[in-house]
Amino acid sequence: MRNLFRRKTIAMILHHADIEEKLSSGMKRSLGVRDLTALGIAAIIGAGIFSTIGTAAVNGGPAVSVLFIFTAIACGFSAMCYAQFASGIPISGSAYTYAYVSFGELIAWIIGWDLIMEYAVGNIAVAISWSDYFTGFMQGIGLKIPEYMSTDFLSASRGYHKALESFQSGLPISQLSGNIQEAYIAWQNAPQLFGVRLIADIPAFSIVVFISYLVYKGIYETKVASNIMVLLKLAILMLVIGVGAFYVNPANWSPFAPNGVGGVLKGVAGVFFAYIGFDAISTTAEECKNPKKDLPRAMIYALAITTVLYVMISLVLTGMISYSELGVGDPLAYAFEKLHLTKLSGIIAVSAIIAMASVLLVFQVGQPRIWMSMSRDGLLPKRFSKLHAKYRTPAFATIIAGIIVAFPSLFLNLTEVTDLTSIGTLFAFVLVSGGVLIMDTKKGGNTLQQGGSYRVPYVNSRYFLPIIWFIVLFSLFYFNSEAVFRFFNFNGAHYKTNGFWNIFKHQIPMLGYIIIATVVSILALIKNFSLIPVLGLLTNLYLMTELGITNWMRFIIWLVVGLILYFAYGNKHSKLRIRQ
């Protein structure tokens, strides 16, 4: 067991990184603080602002703006922890490398495997969403893409059979939803080969191939593309906010939280999905001109800028039309269409295409660099860490990352993976926050500050954590005491009516959180832990509990598969194990 949690020292990691750079001439250092901030903005402003914000607003009402602030604060705690690690360990690898230093090899593998889910699976969903916006835009300018070339096979098959059921009930095709009509037409018109209908989402596949090629070519090309896309979408969003502000009806902000705190928190997954990108900045550490200073600054800048934009957009959007009407795939465009601002609606569609392409770009940059770091440690085959002789990028890893995202986007409908991607990201945030606590050597001190230019400001938990918990618990009992007592009443009528297990299984994540939060809080008081990492750990762990037992089960299954692969390959080939 001790061998499974063997840890690398910071000095060892930096020494081996220097050797790698000398042997392979290293990666090209092209990124400054502006470029890194642009990458962060590119990753954060994407599907969240153009699609998931609508669903979150339906549940939470105008109070979704407060949820953005709360989520940004939770991410901010973790961002400061990421910044301290990035400053002290300025190499690629992100949370994987940080976990190797603080928790050990097994946990590092788990988080590396977890990040595959965050980057790759999330990008499949983004690619499919990008395809929807792109085909809608092309149709708007008179260039219609056939349905069987812009719909995935599973959606077409399911939609076709639902349409047949509706026909048997006497409903004509004109009364079916737009998605069902599109799926039916795609299935009907698709060419066949040996009895198999040829249906695939070609735009989603094409954008992934193009982005992967751009990333393969080099970090400079990636930087230029990112900067251009960020400038365009920021300009468009400022236009949207400026024009939309004139159409705000303050009456639409009342009630501010129509479904209470519970309704607001239902949007956690969608809102948090908007913020998952800032950690991708840390994967480019070896391509930064001055990573110790620029990485921490860029993370904080990107988070602050995007939070302001999200809050402004959510207030303008819920002020323009009633929150109850925003449960559509493109809420921004829908709001402007309803107010007959059709030209702006078209501009928003263009902005969405640019925004989602930029998200793909950043995540396709991040994934290969995590694999590169894992390969350097022997946990993945050596080819994953080999740099292209000319472009100085992890070429093989970039190709594999492109394949893993591109081909599933052809045939699968994974737009429901938002929650699964969010739980993976939150897990990374929890570990990074916990990693800073573990690396503490004394009150107010941290081994990570050696050689680093940034450290999390030390605030003693003993003086502030009890006050924070008092405010939280008082608010909980004051505003929602009935729900609290209902949660702990295991003999209640709702258990007898619906079955004990059917109710209790959904409470397991929260019960687990209560136990872990209690233990962490007690340790924080006894050992004088730094407050910010503690809050980062507790808030992100709480957000994980809001994602439901189904996502937890999928997440656990994913981690079990990763553990099988680790013991089959990684543990045997670990360079740290061989050295020891």
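This one's a predicted model, so the numbers in the text were calculated from it and none came from an experiment.

Student: Describe the packing of aromatic side chains, naming the residues involved and giving the relevant values.
Tutor: Scanning the model with the defined rule gives 22 aromatic pairs in all. Ring centres 4.8 Å apart and planes at 10° place the aromatic pair Trp-130 and Phe-134 in the stacked group. With Trp-130 and Phe-134 both in helix 6 (residues 105-140) and four residues apart, the pair spans about one turn of that helix. Given a relative accessible area of 23%, Phe-134 falls into the partly exposed group.

Student: Give a detailed account of the nonpolar core, specifying residues and quantitative values.
Tutor: Judged by nonpolar contacts, the single largest core of 157 residues is most densely connected at Tyr-82 and Met-544. A total of 19 residues in this core trace back to one element, the largest contributor, which is helix 6. In contact with Tyr-82, not counting residues within four places along its chain, are Ser-94, Ala-95, Tyr-98, Phe-278, Asp-279, Ser-282, Met-299, Ala-428, Phe-429 and Val-432. Ala-163, Ala-186, Trp-187 and Ile-199 belong to the second-largest nonpolar core, a separate cluster that totals nine residues.

Student: Quick rundown of the pattern of salt bridges? Include the residues and the values.
Tutor: Following the criterion strictly, the structure yields six salt bridges and no others. A salt bridge links Lys-338 to Glu-325; its shortest N-O distance comes to 2.1 Å. Placement of Lys-338 in helix 14 (residues 331-338) and of Glu-325 in the loop between helix 13 (291-320) and helix 14 is noted, with a sequence separation of 13 residues between them. For Glu-325, a relative accessible area of 25% translates into the label partly exposed.

Student: Now, about helix 14: what can you tell me, with residues and values included?
Tutor: All of the buried residues along helix 14 are Pro-331, Leu-332, Ala-333, Ala-335 and Phe-336. Once helix 14 finishes, His-340 follows within two positions and takes phi at roughly 65°, a positive value.

Conventions used here
Residues numbered from 1 in each chain as written. Predicted model: local features only at pLDDT ≥ 70, side-chain atom pairs only at ≥ 80, totals over all residues. Heavy atoms only, no water. Phe/Tyr/Trp six-rings, centres within 6.5 Å; stacked < 30°, edge-to-face > 60°. Helix = DSSP H or I, 4+ residues; strand = E, 2+ residues; numbered from the N terminus. Buried < 20%, exposed > 50% of the residue type's maximum accessible area, 1.4 Å probe, protein only. Core = buried A, V, L, I, M, F, W, Y, C linked by side-chain atoms within 4.5 Å. Contact = heavy atoms within 4.5 Å. Salt bridge = Lys/Arg side-chain N within 4 Å of Asp/Glu carboxyl O.

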